[in-house]
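Secondary and tertiary structure notes
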Amino acid sequence: QVQLVESGGGLVQAGGSLRVSCAASGRTFSIYAMGWFRQAPGKEREFVAGILWEGGTTYYADSVKGRFTISRDNAKNTVYLQMNSLKPEDTAVYYCAARTGRVYSVRWVDESEYQYWGQGTQVTVSS
């Protein structure tokens, strides 16, 4: 089992920055990839960014490329999402997710790739 706890959400003005964190515990040695998803009110949850636990290869949704950066600190078992140039449309609950088990190619945007999910943290961007 892997437990995920997000933190760092809050209220920020458009154009501002925010960093959210996801701390993993439990069988962290089994983690192969981590992802960030978000869900805005009335919308489906969507992929934001992903990172391989070993090696650090990253993948981003087009909507956040150049603005968001995903990173990880393996020693702290924590994944971060640095969000810059925030827009009101970035307002959502942000969830981190973990995939255990190696796979040839991660289907980053597919929620079914991830076995563990955090409870989410609210990010609100005011205009």
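Residues numbered from 1 in each chain as written. Predicted model: local features only at pLDDT ≥ 70, side-chain atom pairs only at ≥ 80, totals over all residues. Heavy atoms only, no water.

Details of the pairing of strand β4 (residues 31-39)
Definition in use: A 1.4 Å probe rolled over the protein chains alone gives each residue an accessible area, and that area as a share of the maximum for its type sets the label: buried under 20%, exposed over 50%, partly exposed in between. A helix here means a DSSP run of H or I that spans at least four residues, while a strand means a run of E at least two residues long, and both kinds are numbered starting from the N terminus. Any two strands with at least two DSSP-identified bridges between them are counted as paired.
Taking burial as the measure, the nine residues of β4 include eight buried ones, the bulk of the element. Pairing of β4 with strand β9 (residues 92-100) involves eight bridges; the strand directions are antiparallel. Within the sheet, the bridge partner assigned to isoleucine 31 lies in β9 and is threonine 100. Bridge analysis of β4 against strand β5 (residues 46-52) gives six bridges, and the strand direction is antiparallel.

Some points on the pairing of strand β7 (residues 68-73)
Two strands pair when backbone bridges link them, and β7 and strand β8 (residues 78-83) are joined in this way by six bridges, in the antiparallel orientation. The partner of serine 71 across the bridge, within β8, is tyrosine 80. Linking β7 to β8, which pair antiparallel, is a turn of four residues; within it asparagine 77 sits at a positive phi near 55°.

Note that all results are geometric; they support no functional claim without further evidence.
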